Amino acid sequence: MYNFDKIIDRTGSDDLKHGVLQERYGDANLLPLWVADMDFETPQFITDALRRRLDHSLFGYTMMPKGYWQQVAGWIADHHAWNVKEEWMTFIPGIVKGIGMAINVFVKPDEKVIIQPPVYHPFRLTPLGNRREVVYNPLKEIDGTYTMDFDQLEQIADEKCRMLILSNPHNPAGICWDKQTLQRLAHICHQRGIIVISDEIHCDMAIFGNRHTPFASVSEEAAQCSITFGAPSKTFNIAGIVSSYSIIPNDETRHLFYSWLEANELNEPTIFSPIATMAAFTPEGEAWRKEMLAYIEGNIDFVIDYCAKHLPKIKPWRPQASFLVWLDCRDLGLNHSLLNDLFVNKARLALNDGEMFGKGGEGFMRLNIATPRAILQDALERLSKAVQLS
Ligand SMILES: Cc1ncc(COP(=O)(O)O)c(C=O)c1O
């Protein structure tokens, strides 16, 4: 029903994906497959809902529409079998902002934040930017995927570690962490009084028959040490509208965080955020989500087949969720600058360089495949030619 092959010209929309190519990659004319938004049109049922509000023509102070939290909680219960109480939830103006705000509330200046690289780079940059020390518990690579290193975590998690930031599902490798892993993580963190921020922004995009498991749902320990952040922004391609939510079952943690947000009015949405979210979390949204994910699965199969046939030294990891493919380029035998030179200067592509995700990302590139297949094909052909010539 929906046409994901349609190529949308983003020129003139001030989109980040194209707009900062010159600044980031030194060339404005690269094919961009980096930042995690999609090149697909935001579905019409969302733009229609926004347009209806625009037609009103008065944009004064606004409040959360009635039924908003019930609808969000209903979506989470239906999709992830997790029953969230409405009073556990609040609006936050973005997930990275949520992480920054939680660090300011819960982590004292001499305390530390644990992350498990390779992982979404703001997990490192946000604590560092807030002048908090970051402690690394690198993931272990086993058979083309990652596992958590619990022995190491127990050693490094000293009494100054106040928070661990979890990417669930994992960005960049697209892993849906299983219940047992999350339970073990919760046990270690709960015992030590460490708050786990579970960033679940990719949760509505499990693919190839995999399922997302909300961290807070795996045990009482997990519920009590958790702050969960989620959003419709990745799934429905509305990151620019900014509509995220926080869920905290523990009374004390919730009171501390939400009273701080309220004091600073950081829990207040713009007019448009709840409208877009309420239009997304509907049966129409569900139908679109399923079609979009079927297209994403097709794109991932396409990349895997293409690499097997034409780029045998590049091994894409099949993600269990979302539209980011972690390309293992280590067999090309190129160092960091030569690998970037191959992608940027020779193939004229802008991907995320694996090193930015921290230890373990060396020799990898992160490819965003949420784009019409013809564009993906163009990208892979450019890469194949560049590899042949180098
Ligand atoms: C794991 C993860 N968290 C957060 C974000 C960004 O979320 P927000 O725009 O709400 O800060 C992204 C975007 O790529 C992401 O992949």
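In this text the structure is predicted, and so the values were computed from the model without any measurement. (Residues numbered from 1 in each chain as written. Predicted model: local features only at pLDDT ≥ 70, side-chain atom pairs only at ≥ 80, totals over all residues. Heavy atoms only, no water.)

Novice: Just to check I follow, could you spell out the packing of aromatic side chains for this structure?
Specialist: Given two aromatic rings, one states the distance between the centres and the angle between the planes to describe the pair. Enumeration according to the criterion identifies 21 aromatic pairs in this entry. A ring pair is formed by Y68 and W69, whose centres lie 4.8 Å apart and whose planes are at 85°; its orientation type is edge-to-face. Given a relative accessible area of 2%, Y68 falls into the buried group. With a centroid separation of 6.4 Å and an interplanar angle of 40°, the aromatic rings of F229 and F257 are classed as tilted. Residue F229 is located in strand β9 (residues 226-230), and its partner F257 is located in helix α10 (residues 251-263); the two are separated by 28 residues in the primary sequence. Taking the relative accessible area as the measure of exposure, F229 reaches 0% and is therefore buried. The class for F257 is buried, based on a relative accessible area of 0%. Taking NZ or CZ as reference, R318 lies 4.6 Å from the ring centre of F208, over its face. Residue placement shows R373 over the ring face of Y295; its charged tip is 4.5 Å from the ring centre. (Phe/Tyr/Trp six-rings, centres within 6.5 Å; stacked < 30°, edge-to-face > 60°. Buried < 20%, exposed > 50% of the residue type's maximum accessible area, 1.4 Å probe, protein only. Helix = DSSP H or I, 4+ residues; strand = E, 2+ residues; numbered from the N terminus. Lys NZ or Arg CZ within 6 Å of the ring centre and 35° of its normal.)

Novice: Looking at this model, I keep getting lost on the site of the ligand. Mind explaining?
Specialist: For the ligand, the full set of nearby residues is A36, G94, I95, V96, Y120, S167, N171, D199, I201, H202, K234 and S244. N171 places a polar side-chain atom, nitrogen or oxygen, 2.8 Å from an oxygen atom of the ligand. Here the ligand, which alone exposes 400 Å², has 86% of that area covered by the protein. Looking at side-chain class alone, the shell around the ligand contains five nonpolar, five polar and two charged residues. (Near = heavy atom within 4 Å. Polar contact = N/O pair within 3.5 Å; in protein donor to acceptor, adjacent residues only side chain to side chain. Areas by Shrake-Rupley, 256 points an atom, 1.4 Å probe, with all protein chains shown as cover. Nonpolar A, V, L, I, M, F, W, Y, C, P; charged D, E, K, R; others polar.)

Novice: Which parts of the structure should I look at to understand the packing of helix α12 (residues 283-310) against helix α14 (residues 373-389)?
Specialist: Where α12 contacts α14, the two axes come as close as 11 Å, and the packing angle between them is 20°. On the basis of the axis angle, α12 is roughly parallel to α14. Once α12 is placed against α14, the crossing between them reads as right-handed. On α14, the residues touching Y295, G298, N299, F302, V303, Y306 and H310 of α12 are R373, L376, Q377, L380, E381 and S384. In the contact of α12 with α14, the residues fall into six nonpolar, five polar and two charged. (Axes fitted to C-alpha atoms, helices over the stretch in contact; angles between N-to-C directions. Parallel < 35°, antiparallel > 145°, perpendicular 65-115°, else oblique. Left-handed = near helix turned anticlockwise from the far one by under 90°. Contact = heavy atoms within 4.5 Å.)

Novice: Mind showing me how you'd approach the nonpolar core here?
Specialist: Taken as a class, soluble globular proteins show a tendency for nonpolar side chains to be buried jointly. Judged by nonpolar contacts, the single largest core of 70 residues is most densely connected at M89 and F343. Take this core: its biggest share by element is 10 residues, from α12. Membership of the second largest hydrophobic core comes to 30 residues, among which are L182, C189, I194 and A222. (Core = buried A, V, L, I, M, F, W, Y, C linked by side-chain atoms within 4.5 Å.)

Novice: Got a minute to help me understand the packing of helix α5 (residues 95-106) against helix α6 (residues 122-129) in this structure?
Specialist: Pairs of packed helices are described in terms of their axes, by the angle between the two and the distance that separates them. In contact at an axis separation of 10 Å, α5 and α6 are set at 40° when each is read in the N-to-C sense. As far as their axial angle goes, α6 and α5 are oblique. The crossing of α5 and α6 is right-handed. Along the contact surface, α5 presents V96, I99, G100 and I103, while α6 presents P122, F123, T126 and P127. Within the contact of α5 with α6, the residues separate by chemical class into six nonpolar, two polar and no charged.

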